[in-house]
Amino acid sequence: MGWAGMRSFRQDRSVLQHRIKPGTTKRMLRFAVPYRKILAVFLPVVVLDAVVGAINPLILRAIIDKGISGKNTELIVGLAILAAVVAIVDAGLSLFERRVSALVGEGLIYDMRSKVFRHIQRMPLAFFTRTQTGALVSRLNNDVIGAQQAFTDLLSNVVGNFVSVIIVLILMFWLSWQITLVALILLPIFLIPARFVGRKLGAMTRESYNLNAEMNMVMNERFNVSGAMLVKLFGRPEAEATSFEDKAARVRDIGIAQALYARLFLVALTLTAALATAFAYGFGGVAAVHGEIQVGTLVALTAYLARLYQPLTQLSNVNLDVMTTLVSFERVFEVLDLVPMIDERPDPVELPRGPATIEFDHVDFAYPSAEDVSLASLEAVAQLEQAERVPVLHDVSFRIEPGQLVALVGPSGAGKTTISSLVPRLYDVTGGAVRIDGVDVRDASMASIQDVIGVVTQDPHLFHASLAENLRYARPEATDNELVAALVRAQIDHLVGALPDGLETVVGERGYRLSGGEKQRVALARLILKAPDVVVLDEATAHLDSESEAAVQEALRLTLAGRTSLVIAHRLSTVREADRLLVIEDGRIVEEGTHRELLARGGLYAELYRTQFADQEDDDAPTGGHGGPSAGGNGRAAAFTPDVPATPTP
Ligand SMILES: Nc1ncnc2c1ncn2[C@@H]1O[C@H](COP(=O)(O)OP(=O)(O)OP(=O)(O)O)[C@@H](O)[C@H]1O
Ligand SMILES: [Mg+2]
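My aim in this report is to walk through the structure given alongside it, one point at a time. Source: prediction; values computed, not measured.

Side note on the overall build of the chain
- Counting its regular elements, the chain contains 24 helices and 10 strands.
- Counting across all 650 residues of the chain, residues that qualify as buried make up 35%.
- Of all intrachain contacts in the chain linking residues separated by at least 6 positions in sequence, the fraction that spans at least 24 positions is 83%.

Structural data, given as structure tokens:
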């Protein structure tokens with residue numbers, strides 16, 4: 001007897017109230033289909049094991065009744081050897097059984113995990129901005145493991161226990177139905193308190209899962225670099241520690257109570273079996289004295305008793321096992337059923353490589369609401385939100401010719417980042433169309449979009465890996481020389497030379513070991529390696545010193561040369577070099593023209609220029625000397641293609 005008997009009692013009984021979606025069972029069984037050959041061997045072995053396990057008490061009986069009573073030493077030795085052989089076979093079978101159930105169980109975990117992982121990767125960006133990473137990870141881990149555990153338990157325990165209980169009961173009744181009845185009377189007396197303890201254990205297990213998830217979330221958020229920095233800068237480590245310890249203390253208290261209740265369960269089970277044995281010996285011993293039953297039969301009966309209680313207890317919770325399995329599978333299916341909002345159409349168009357145009361044709365856009373992209377059970381805030389989609393972009397139209405640089409400027413929250421994320425189809429427009437080379441991005445294949453378009457975000461992400469690995473993310477087959485060439489063009493090669501391990505230096509979590517400007521240039525180097533035809537770039541807002549400013553500008557110049565570019569401009573040199581500026585306000589294009597034209601007009605751009613760009617005048621030496629605003633617009637001439645005229649959309 002052991003912990004296994006308790007597992008189903010630990011389960012959360014509230015699942016019994018749950019209504020399972022129709023078809024879940026069928027889908028669950030479909031996961032087992034690849035294992036049907038193994039299972040075809042497994043189930044007979046489980047049955048055989050149960051049968052073999054029931055043989056030994058009968059041999060004992062024969063030894064006592066026939067061998068000892070009949071003083072037949074040869075028979076005794078022969079039967080003893082047989083008992084040993086049966087025991088060995090039993091051990092072998094149970095090992096084999098465990099191996100097969102592990103094979104199926106771990107295989108199931110593998111299948112479901114890889115399926116869920118692939119599926120979640122297909123989710124649109126909006127899904128990730130809405131979903132708590134912690135909840136997602138726990139779905140991937142706990143539910144998948146829960147489903148597997150309950151499934152294999154169901155297979156081996158339920159089938160095995162059922163067969164062995166039936167066999168044992170038949171044999172016991174055959175040996176002596178009176179004693180068997182007496183011994184079974186105690187079972188309900190045990191099961192009733194066991195259910196009470198089980199309910200308590202279930203509630204505790206659920207609470208400790210929740211608390212553990214909360215602790216994980218706190219650690220995840222506080223122990224990444226930005227979280228840790230926030231905690232330090234705001235001087236809150238004491239408060240953080242206290243709130244964490246509160247949770248940890250509750251986990252501790254629950255753990256203690258759980259241990260006690262679990263032992264109580266085990267003690268009660270052992271005690272009931274012992275009491276039943278005592279009953280059987282008392283009742284049966286008297287019967288043996290009166291010659292109504294043989295001693296060997298009595299011994300065999302009590303040996304069976306020991307094999308009866310645990311399986312019976314487990315079987316009394318079969319409904320719970322089945323429901324837990326179904327609920328876990330259902331939660332995994334819920335994730336798998338989430339239809340990606342942004343997906344390729346069945347026969348997508350391949351975007352051609354080479355000089356490209358970008359066209360926004362009367363684009364309207366609203367960010368998707370929670371219920372469109374996510375699962376209520378995966379996000380805490382879903383219920384609080386009104387479902388309405390608030391429009392962010394209104395009737396945005398423009399066209400960028402091959403090789404042109406168009407810059408977006410505008411106040412914060414105007415919709416610049418939103419416009420830039422529509423180009424690589426991170427979101428789908430709600431009205432109008434975004435076209436690359438005349439092809440609606442919704443018709444293009446995802447792979448070709450990713451090939452043609454390169455994006456550098458405002459705060460580029462680097463993986464916690466070496467510089468070389470981060471760069472090769474763009475082109476896995478790039479040689480070291482190509483990496484260096486890209487670094488040279490991004491004006492960051494000297495830094496790599498200065499690093500202790502050169503290209504093999506690990507950049508730190510999210511690239512925190514690099515300065516803002518360095519990180520931006522590493523991201524540019526990565527973009528250069530990828531060599532896209534279209535570049536979408538969100539410039540870093542950080543003010544750099546004039547030397548890094550010059551380096552970043554040169555890097556940009558070399559990166560964007562010959563590529564169709566949409567840049568969210570935060571630096572004077574960029575707006576000066578742009579072929580055209582689009583001034584965005586409240587999701588609309590309100591002004592359009594070159595830096596010089598727009599300054600002359602004295603509208604929103606002129607105002608933005610005074611607040612955002614004018615103070616960069618002094619640092620701006622490399623671009624066009626000391627020329628004022630009116631001298632702008634020509635600095636890019638050398639590397640860009642200024643002769644293609646900007647074409648306003650009709
Ligand atoms: N993922 C999102 N879900 C819902 N609304 C969003 C989302 N991202 C941005 N918004 C909203 O869309 C509007 C435009 O945001 P956007 O990020 O495009 O502004 P921006 O012009 O890039 O501003 P900034 O210069 O500050 O970066 C804002 O009102 C913002 O609150
Ligand atoms: Mg932005």
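Quick look at the packing of helix α10 (residues 237-289) against helix α11 (residues 295-315)
- With their axes 10 Å apart at the nearest point, α10 and α11 run at an angle of 160° to one another. By the angle between their directions, the pair α10 and α11 is classed as roughly antiparallel. Regarding α10 and α11, the two cross each other, and that crossing is right-handed. Judged by residue contacts, Leu 269, Thr 272, Ala 273, Ala 276, Thr 277, Ala 280, Tyr 281, Gly 284 and Ala 288 of α10 engage Val 295, Leu 298, Leu 301, Thr 302, Leu 305, Ala 306, Tyr 309, Gln 310 and Thr 313 from α11.
- Residues that form the contact of α10 with α11 fall into these classes: 12 nonpolar, 6 polar and no charged.

Considerations on the environment of Ala 183
- Tracing the sequence through the fold places Ala 183 in helix α7 (residues 133-184).
- Taking the C-alpha atoms as reference, Ala 183 lies 8.7 Å from Ala 273; in sequence the two are 90 residues apart.
- The residues contacting Ala 183, other than those within four sequence positions of it, are Ala 276, Phe 279, Ala 280 and Leu 305.

So, the nonpolar core
- Formed by 78 residues in total, the largest nonpolar core has its most connected members in Ala 407, Leu 408, Val 409, Ile 436, Ala 525 and Leu 581.
- Considering each element in turn, this core owes the most residues, 7 residues, to helix α19 (residues 516-530).
- Each of domain 1 (15-337) and domain 2 (358-462 + 533-631) gives at least three residues to this core.
- If near-sequence neighbours (up to four positions away) are discounted, Ala 525 is found in contact with Leu 471, Ala 486, Leu 487, Ala 490 and Ile 492.
- Counting residues in each nonpolar core, the second largest holds 43 residues, with Leu 155, Met 172, Met 323 and Val 327 among its members.

Observations concerning the site of ligand 1
- Looking at ligand 1, the residues that line it are Thr 129, Tyr 367, Val 392, Gly 410, Ser 412, Gly 413, Ala 414, Gly 415, Lys 416, Thr 417 and Thr 418.
- Per-element tally for the shell around ligand 1: the top contributor is helix α14 (residues 416-422), with 3 residues.
- When grouped by side-chain class, the residues that make up the shell around ligand 1 number 3 nonpolar, 7 polar and 1 charged.

Looking at unusual backbone geometry
- Positive phi values are uncommon outside glycine, yet Asp 437 reaches one of about 55°.
- Turning to its location among the elements, Asp 437 is positioned in the loop between β4 (431-436) and β5 (439-440).
- On the neighbour-count criterion, Asp 437 (20 C-beta atoms within 10 Å) is buried.
- A positive phi angle, near 50°, is found at Asp 586, a position not held by glycine.
- A count of 13 C-beta atoms within 10 Å places Asp 586 in the partly exposed class.

What about helix α8 (residues 186-222)?
- Between its first and last C-alpha, α8 extends 54 Å over 37 residues, near the 54 Å set by a 1.5 Å rise per residue.
- Those residues of α8 lying buried are Leu 186, Phe 190, Ala 194, Gly 198, Leu 201 and Gly 202.

Conventions adopted
Residues numbered from 1 in each chain as written. Chains lettered and ligands numbered in written order. Predicted model: local features only at pLDDT ≥ 70, side-chain atom pairs only at ≥ 80, totals over all residues. Helix = DSSP H or I, 4+ residues; strand = E, 2+ residues; numbered from the N terminus. Buried ≥ 20, exposed ≤ 12 C-beta atoms within 10 Å, placed from the backbone. Contact = placed C-beta atoms within 7 Å. Axes fitted to C-alpha atoms, helices over the stretch in contact; angles between N-to-C directions. Parallel < 35°, antiparallel > 145°, perpendicular 65-115°, else oblique. Left-handed = near helix turned anticlockwise from the far one by under 90°. Nonpolar A, V, L, I, M, F, W, Y, C, P; charged D, E, K, R; others polar. Core = buried A, V, L, I, M, F, W, Y, C linked by C-beta atoms within 7 Å. Domains from an automatic or database assignment. Near = placed C-beta within 6 Å. Expected span 1.5 Å × (residues − 1).

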